[in-house]
There are 2 protein chains.
Amino acid sequence: MSQRFRTTARDAASAARNGLLETPHGMVETPAFMPVASQGTVKALTHALAESLGAQIILLNSYHLSLRPGVETIEAMGGLHAYISWPKPILTDSGGFQIYSLSPLVKVSDEGVRFASHLDGSKIFLRPEDAVDLQVRMGTDILMCLDHFPSYPYTEETMRESVRLTTAWAERSRARFARYDGRQHLWGISQGGIFEDLRRRSIEALLALDFSGYAYGGLGIGEPKTRLLEVLERGHALFPEDRPRYLMGMGYVEDILEAVERGVDFFDCVLPTRNARNGTLFTSRGRVAIKNVRYARDPRPLDEACGCYTCRNFSRAYLRHLFERGEMSSAILNTIHNLYYYLDIFRRIRHSIQSNSFISLKKSLIFNDTDKEETK
Amino acid sequence: MSQRFRTTARDAASAARNGLLETPHGMVETPAFMPVASQGTVKALTHALAESLGAQIILLNSYHLSLRPGVETIEAMGGLHAYISWPKPILTDSGGFQIYSLSPLVKVSDEGVRFASHLDGSKIFLRPEDAVDLQVRMGTDILMCLDHFPSYPYTEETMRESVRLTTAWAERSRARFARYDGRQHLWGISQGGIFEDLRRRSIEALLALDFSGYAYGGLGIGEPKTRLLEVLERGHALFPEDRPRYLMGMGYVEDILEAVERGVDFFDCVLPTRNARNGTLFTSRGRVAIKNVRYARDPRPLDEACGCYTCRNFSRAYLRHLFERGEMSSAILNTIHNLYYYLDIFRRIRHSIQSNSFISLKKSLIFNDTDKEETK
């Protein structure tokens, strides 16, 4: 597989690194945050707004999109980029997570996953080959292999079976992907939970298949934080430097910083966008629950330190009013802020690695502890 | 009252005119469409988007805003413009329409209106003086007098009583307004339905009070179109040329064109924004119901002739997908289109009057008949 990721800078004091990923729709600078756009839109934003905030790549959901509008429609419209009019890179997930979390009657066999559509209950059988075919046909830039993971808490035994299936499916995905022209990326997903031996075996099996990128799957679902960080540390020692690493679905700034420190390049999470719609805003001084009555006459912006459209123009008082009235502009303005906040942190992370100041940036951000309620 | 409206051009073939209104927050070129922003936001847009589409002035609802967040909060925040961070002109309606349409237990006396809040049932008594005080305190640019109108169908007798009350309240509003510095505008509202004598008496009584602008109230609620147009024609003969005329709440393009032809300067309506959220789009070839399955793979923009962000970037297929998925970006993109469509027609109306081509513009727009379903 041709080399399309290179490390452009390394932090002297940690495994944090800057990288550049080449895709059919342009380059992505890493570490990168991928806003979630499951149905082909970042919720409550236009593409122009998402791009203006600094989104380099968005994550779409091949499970949702294959149910509606269906791969035939997407193909007929010229592929995902043409269909949704997004010119930049797209990563699609295989749908594994949605199948296990949304579908009733999931039945896993060596062959694949049988499940009922969460929409109409119709039976669907998805093999790893199908997941590859669907994503290739959709024209995504980065495909993810179909994987399997048990829910938390898990036993070593159930996790062993997950790794066995995930490995076998990765082999079949890789073989299927070889039928195509290889312009797209196919990334492998490791499983194994927090079990050292299982995670190592999962990663080594993927490495033998030579994917153009590797993901940590099945993390951030309840396991102790220290164990998770150990997984990333051991993974860093195993993964080759010239392939991107993606920690799936984890979105708290504190966790992201720990992961970047351990060599992770790609992130996605619904946290900034979903919380925005729920009225929970991230600021440099902590979380703000905008519905709180204490903001009813607060003339300050959400975050004095923030340069986003929302903070440059609107008071907390007005944002609270919009939220309380159920106005869609509440979701728009809040999403603009939260996503800018995240993407700005990623800009600062990238710059800090270039200037060997990542650890001090990390300390300043974790000290502010944006996951806690705002300090007075 | 100082002169703050002047006619800048007159159509040679009709009563259509260009005007310029001066307000404390800038000028408005007429004929003008005022997007409805009842709660202080055009629904599903940011202010930046509304301004980029060409909104010169927006309409806020003093009834809704006096209930929540309340005039005290708005005053404490420095008035409406500061509270909502909208720098351009604002017109507020007095709340009469909302009281009669939303509130249970409305009881009208000479003194004013007693009604129950549609939110919590609490009893409120609103006199014409209160409506003036509220709007002055909110810092709006244009206040509307509290008026009274019966619902359609009405009898001449009930309408006579409406005119009597509306006239008496206009006198009291005018007297109350004289207490203030007069930088804001207070516009009088005429009633009288389609009854020639009553409408004339209502208008003449307002003229004697010398308002800085005049509105047609109680129209577009079910009366025959020809009768409505007669009201506007007779009104044109009565109103002085140097005061703006406002036809309240009427929004079909065809009606707007007929009214402009009869000398009307200001319009407002929820039609473009509400229909956008419901998936009904106005185009130069007719209405498009975007949920229709026939658009599922339609690669065309909503309107080939339209220059808005939505039409320049997105297919009907994608817009249908967003609508069907219930994505907020559906409401955003649809509102951008419908509001651009309206504001662009107003730009063309203004230019056509300057160039004495209003009647041919009107014919071309009515020929297209945007109120009908799209032609194939």
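Structure first, text after, so check above.
What comes next is a walk through the structure. All of these numbers come straight from a predicted model, not from anything done at the bench.

## Section: the packing of helix α8 (residues 196-209) of chain B against helix α9 (residues 225-238) of chain B
Residue and element names in this part refer to chain B.
Inference 1: In the contact formed by α8 and α9, the axes pass within 11 Å of each other and the chain directions differ by 30 degrees. In this view, α8 runs roughly parallel relative to α9, as classed from their interaxial angle. Helix-helix and strand crossings are classified by hand; for α8 and α9 the assignment is right-handed. Contacts between α8 and α9 pair E196, R199, R200, I203, E204 and L207 from the former with V231, R234, G235 and L238 from the latter.
Inference 2: Its residues assigned to classes, the contact of α8 with α9 comprises four nonpolar, one polar and five charged.

## Side note on the environment of T158 of chain B
Inference 1: Note on placement: T158 of chain B falls in helix α7 (residues 156-177).
Inference 2: Linking T158 of chain B and G192 of chain B, residues 34 residues apart in sequence, is a C-alpha distance of 9.5 Å.

## A closer look at the interface of chain A and chain B
Inference 1: Taken together, the 40 residues of chain A in the interface contact 40 residues of chain B.
Inference 2: Both faces combined, the contact of chain A with chain B buries some 3,200 Å², and carbon together with sulfur accounts for 61% of it.
Inference 3: Counting the contacts that link chain A with chain B gives two salt bridges.
Inference 4: As a salt-bridge pair, K43 of chain A and E327 of chain B come within 2.6 Å of each other at their nearest N and O atoms.
Inference 5: The interface formed by chain A and chain B holds 16 residue pairs in polar contact (both at pLDDT 80 or more) in total.
Inference 6: Within the residue set of the side of chain A that touches chain B, elements represented by two or more residues are α1 (47-53), α3 (71-76), α4 (80-84), α12 (309-313), α13 (316-324) and α14 (328-354) of chain A.
Inference 7: If you tally residues by element for the side of chain A that touches chain B, the top one is α14 of chain A, at six residues.
Inference 8: Looking at the side of chain A that touches chain B, its residues break down into 21 nonpolar, 11 polar and eight charged.

## Here we look at the sheet that holds strand β1 (residues 5-10) of chain B
Residues and elements named next belong to chain B.
Inference 1: Judged by pairing direction, the sheet is antiparallel, and its three strands sit side by side in the order β1-β2-β3 without closing on themselves. Pairing within the sheet leaves two strands with one partner each, and these edge strands are β1 and β3 (26-30). Shown here is a sheet whose adjacent strand axes are inclined to one another by a mean of 20 degrees, direction ignored.
Inference 2: Alignment of β1 against strand β2 (residues 17-23), held across five bridges, turns out to be antiparallel. Residue pairing across strands places F5 opposite L21, the latter belonging to β2.
Inference 3: Sheet strands touched by helix α14 (residues 328-354): β1, β2 and β3. Its angle to β2, the strand with the most contacts, is close to 120 degrees.

## A few points about the relation of the copies chain A and chain B
Inference 1: Expressed as a screw operation, the relation of chain A to chain B combines 0.0 Å of axial shift with a rotation of 180 degrees, fitting to an RMSD of 0.0 Å. Both copies of the chain, as the preceding transformation shows, are related through a two-fold rotation axis. No C-alpha of chain A approaches the rotation axis more nearly than that of M328 of chain A, which lies at 3.7 Å.

## Some thoughts on the sheet that holds strand β7 (residues 107-108) of chain B
Residue and element names in this part refer to chain B.
Inference 1: On the basis of which strands lie adjacent, the open sheet formed by three strands has the order β7-β8-β9 and antiparallel pairing. The open sheet has two free edges, formed respectively by β7 and β9 (123-126), since each of these has just one partner strand.
Inference 2: As paired strands, β7 and strand β8 (residues 113-116) are joined by two bridges and run antiparallel to one another. Pairing of V108 across the sheet is with V113, part of β8.

## Re unusual backbone geometry
Inference 1: A cis amide bond links T30 of chain B to the next residue, P31 of chain B, at an omega of 0 degrees.
Inference 2: Looking at the element boundaries, P31 of chain B is found in the loop between β3 and β4 (32-35).
Inference 3: At the junction of Y152 of chain B and P153 of chain B, the peptide bond is cis and its omega measures out at -5 degrees in the coordinates.
Inference 4: The residue P153 of chain B is located in the loop between β10 (142-144) and α7 in this model.
Inference 5: The backbone of D210 of chain A shows a phi angle near 55 degrees, a positive value even though the residue is not glycine.
Inference 6: Positive phi values are uncommon outside glycine, yet N356 of chain B reaches one of about 55 degrees.
Inference 7: As for its placement among the helices and strands, N356 of chain B is situated in the loop between α14 and α15 (358-368).

Each value, and the rule that gives it
Residues numbered from 1 in each chain as written. Chains lettered and ligands numbered in written order. Predicted model: local features only at pLDDT ≥ 70, side-chain atom pairs only at ≥ 80, totals over all residues. Heavy atoms only, no water. Axes fitted to C-alpha atoms, helices over the stretch in contact; angles between N-to-C directions. Helix = DSSP H or I, 4+ residues; strand = E, 2+ residues; numbered from the N terminus. Parallel < 35°, antiparallel > 145°, perpendicular 65-115°, else oblique. Left-handed = near helix turned anticlockwise from the far one by under 90°. Contact = heavy atoms within 4.5 Å. Nonpolar A, V, L, I, M, F, W, Y, C, P; charged D, E, K, R; others polar. Buried area = accessible area lost by both parts, 1.4 Å probe. Salt bridge = Lys/Arg side-chain N within 4 Å of Asp/Glu carboxyl O. Polar contact = N/O pair within 3.5 Å; in protein donor to acceptor, adjacent residues only side chain to side chain. Pairing = 2+ DSSP bridges. Least-squares fit on C-alpha atoms with pLDDT ≥ 70 in both.

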